Amino acid sequence: MRYLVTGGQMKEVDRYTIEKVGIPSLVLMERAALAVTEEVVKYGKKTDRIWVLCGNGNNGADGVAAARMLHLKGYAVSALLAGGREKGSGEYLTQVSIAEHTGVHLVEFPDFKPGSIHILIDALFGVGLDREILGKYREIIEAVFFYRPEFTVAVDIPSGIHSDTGQVMGIALKADVTVTFGYEKLGTMLYPGKEYGGKVLVADIGFPGKSLERLKPEFFTLDPGDEEQLPKRPAYSNKGTFGKVLVVAGSKNMSGAAYLSALAAYRTGAGLVKIFTVEENRTILQTGLPEAIITTYDAKEAEACTAGFKELLVKQCEWATAIVLGPGLGQEVYVRNLVEEVLANAYVPIILDADGLGAIASNPELTSYFTENIIVTPHLGEMARLTGSSVGTIRKNLVATAREYADRFGITCVLKDAATIGALKDQRTYINGSGNSAMAKAGSGDVLTGIIAGLLALGLEESDAAAFGIWLHGRTGDMVREKQGDHSLLARELAEEIHSIWQGQTR
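In what follows, the accompanying structure is described. (Residues numbered from 1 in each chain as written. Predicted model: local features only at pLDDT ≥ 70, side-chain atom pairs only at ≥ 80, totals over all residues. Heavy atoms only, no water.)

Re the overall build of the protein chain
- Along the protein chain, the regular secondary structure elements total 20 helices and 19 strands.
- For the protein chain, the spread of C-alpha atoms along the principal axes amounts to about 85 × 50 × 45 Å.
- A burial count over the protein chain gives 57% of its 507 residues as buried.
- Long-range contacts, defined as pairs at least 24 residues apart, comprise 74% of the intrachain contacts of the protein chain with a sequence gap of at least 6.
- Summing over all exposed atoms, the protein chain offers an accessible surface of approximately 20,700 Å²; the carbon and sulfur share of this is 50%.
- The average position of the 51 basic charges and that of the 61 acidic charges among the side chains of the protein chain differ by 2 Å. (Helix = DSSP H or I, 4+ residues; strand = E, 2+ residues; numbered from the N terminus. Buried < 20%, exposed > 50% of the residue type's maximum accessible area, 1.4 Å probe, protein only. Contact = heavy atoms within 4.5 Å. Areas by Shrake-Rupley, 256 points an atom, 1.4 Å probe, with all protein chains shown as cover. Lys, Arg positive; Asp, Glu negative; His and termini not counted. Charge placed at Lys NZ, Arg CZ, Asp CG, Glu CD.)

And the structure:
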């Protein structure tokens, strides 16, 4: 696990390190510039024409320092002082003075006519940018576009990307590599900022751990190796040791979603999986997944909500360790009754997905049954229906939207997008870095619900099951893409690939 920070948090980490710990700002700046310089040296040749685009804040000061280091190494480097030489932070003015005394070629905007740019170091704006880029600075970025740098290294965050949301603030520079300091910023984990950041490298420049810990960081992500935190399978055990997943899913002639969720739960490690579905699905599900227990109901009884139907459903809920509710249920009248009865009678974690969420959106009074053991897994369209907001607005505010919905009901909200957000009930927020566009296929979300359910069955509590479930789901997608390419992935292959992650655990 590693922490992610907002721009405001990073500023506070910086302030505390300088003012309370006592590490001088210029010391941090020199280490930051050195990290950038080392990355440029990996890619550049001394014959390359290197330009450093510098604002007049501390991000620009990092850039001026990097220009000086490259110059002293014998590289052909120039620094474009976008904010001039006279105005700026104290550190910026100090770095400009040092650069002048060491012979760095410094240029101001009217004189910026590079001819060509082999390597661009983008140090124009840092994490403090909070408004649209206009005027002279927009002209400068457009001028850079005109010269088409062959390779771009961003300092801390690509200029024009909001450090908290990843949104483009009117215009932005796209980097091949971003060298960020201390902790990765949310803006390079969320789209479109993730695309603009390229490969993100986190450089240790000397921030002590307590500078962030004191802020009680709530944003985090998972990386390869974190599967070691997942429970091992004890030798002395039986199928009951590993939990029972009830999959309430599927409608007449629509059995695929139920199959995928059940398969994923089994592959994740659940000991028993039962599918509760309409009678019409029995044969195909029993044939496709003979390991699953199949219990069926009559849709007409569900619609009438008969005593027999209620009794049958209550028994299923009492049996389960975790419940998947919603995939492929359809939009028949009885679905509302089914969702309500499960919510009212289950006292175990419930992953509420797909048509289950549709029933909630159409009948918002059902949220009165929400308790802390609920995990909702909407995509953007479903979230729009749940909240009454637009998809466009949600896309620009993924973290805030997921966090607000989770906090309103005291539940866990998994908001699915290219970078999925897990607003966890324990107030942490997970930002996913695994997965790829090949996973944008029918059934992929059904596999996710099954993975989360399988982790719950293994004993993880809701917050950890949601975060690890999102991450594992993306990891399987990355593994399948390596084998199948960008276009040919099928959802069932995600479930089948889960074994690779378990095999990666140290025995």
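Digging into the packing of aromatic side chains
- Inspection of every chain in the model, using the stated rule, returns twelve aromatic pairs.
- Geometrically, the ring pair formed by Phe276 and Tyr297 is tilted, given 4.8 Å between the ring centres and 35° between the ring planes. Here the residue Phe276 occupies a position in strand β12 (residues 272–278), and Tyr297 occupies one in strand β13 (residues 293–297), the gap between them amounting to 21 residues. Judged on exposure class, the residue Phe276 and its partner Tyr297 are both buried.
- Plain terms: the ring middles of Phe370 and Phe409 are 5.3 Å apart, the flat faces sit at 80° to each other, and that makes the pair edge-to-face. Separated by 39 residues along the polypeptide, Phe370 in the loop between α13 (354–362) and β16 (374–376) and Phe409 in helix α16 (residues 398–409) bring together distant segments of the chain.
- Pairwise contacts between aromatic rings join Trp51, Phe112, Phe146 and Tyr147 into one cluster.
- Of note, Lys174 hangs over the ring of Tyr196, and the distance from its end group to the ring centre comes to 5.1 Å. (Phe/Tyr/Trp six-rings, centres within 6.5 Å; stacked < 30°, edge-to-face > 60°. Lys NZ or Arg CZ within 6 Å of the ring centre and 35° of its normal.)

Notes on the nonpolar core
- Core analysis: the biggest nonpolar cluster contains 56 residues, and Val245, Val247, Val273, Ile275, Val447 and Leu455 have the highest contact counts within it.
- Taken together, the elements giving at least two residues each to this core come down to β11 (244–248), α8 (256–268), β12, β14 (322–325), α17 (444–457), α18 (462–484), α19 (491–496) and α20 (498–504).
- Of all the elements, α18 adds the most residues to this core, at nine residues.
- Once residues within four sequence positions are removed from consideration, Leu455 is found in contact with Leu230, Thr268, Leu460, Ala465, Phe468, Gly469, Leu472 and Trp502.
- Counting 53 residues, the second-largest nonpolar core is a separate cluster that includes Leu190, Ala302, Met383 and Ile411. (Core = buried A, V, L, I, M, F, W, Y, C linked by side-chain atoms within 4.5 Å.)

Points about the sheet that holds strand β3 (residues 76–81)
- Taken together, the seven strands give an open sheet; going across it, the order is β4-β3-β2-β5-β6-β7-β9, and neighbouring strands pair in parallel fashion. Sheet topology places β4 (105–108) and β9 (199–203) at the edges, where each strand pairs with a single neighbour. Neighbour-to-neighbour, the strand axes of the sheet open up by a mean angle of 20°, direction not taken into account.
- With four bridges joining them, β3 and β4 adopt parallel strand pairing. Bridge pairing in β4 links Leu80 to Val107.
- Taken strand by strand, helix α3 (residues 58–72) contacts β2 (49–54), β3, β5 (119–123), β6 (151–155) and β7 (177–181), and its axis lies near 155° from that of β2. (Pairing = 2+ DSSP bridges. Axes fitted to C-alpha atoms, helices over the stretch in contact; angles between N-to-C directions.)

Describing the layout of surface pockets
- Estimates place the volume of the largest pocket at around 1,000 Å³.
- Contributing elements (two or more residues each) for the lining of the largest pocket: α8, α13, α17 and α18.
- The element contributing the most residues to the lining of the largest pocket is α18, with six residues.
- By residue class, the composition of the lining of the largest pocket is 16 nonpolar, 20 polar and 13 charged.
- Each pocket or cavity is described by its volume, and for the second largest pocket that value is around 610 Å³.
- Every residue lining the second largest pocket is counted, 26 residues in all, and those nearest its centre are Asn58, Asn59, Gly126, Val127 and Asp156.
- Those elements giving two or more residues to the lining of the second largest pocket turn out to be α1 (7–21), α2 (25–43) and α3. (1 Å grid on protein atoms, 1.4 Å probe; cavity = no way out; pocket = protein on both sides within 12 Å on 5 of 7 lines; lining within 4 Å. Points joined across faces, edges and corners; volume = space filled by probe spheres on them. Nonpolar A, V, L, I, M, F, W, Y, C, P; charged D, E, K, R; others polar.)

Here we look at α8
- For α8, built from 13 residues, the straight-helix expectation of 18 Å at 1.5 Å per residue is met to within 8% by its first-to-last C-alpha distance of 18 Å.
- Counting buried residues in α8 gives ten out of 13 residues, a clear majority hidden from the surface.
- Every buried residue of α8 is listed here: Ala257, Ala258, Leu260, Ser261, Ala262, Leu263, Ala264, Ala265, Tyr266 and Thr268.
- Downstream of α8 by one or two residues, Gly269 has phi in the positive range, about 130°. (Expected span 1.5 Å × (residues − 1).)

Quick look at the sheet that holds strand β19 (residues 429–431)
- Pairing in this open sheet of twelve strands is mixed, and the strands run β8-β1-β10-β19-β18-β17-β16-β15-β14-β11-β12-β13 from one edge to the other. Here the strands that pair on one side only, and so sit at the sheet edges, are β8 (184–185) and β13.
- As defined by bridge partners, strand β15 (residues 350–352) adjoins β16 across three bridges and the pair is classed as parallel. Bridging from a neighbouring strand, Leu352 pairs with Val376 of β16.
- Along the sheet, α18 makes contact with β10 (219–221), β16, β17 (412–415), β18 (421–423) and β19, crossing β17 at roughly 10°.

Examining unusual backbone geometry
- Note that the residue after Tyr191, namely Pro192, is joined by a cis bond; omega there is 5°.
- Inspection of the secondary structure puts Pro192 in the loop between β8 and α6 (193–197).
- If you check the backbone angles, Arg148 has positive phi at about 45° while not being a glycine.
- Here Gln427, not a glycine, exhibits a phi torsion of approximately 80°, which is positive.
- Among the structural elements, Gln427 can be located in the loop between β18 and β19.

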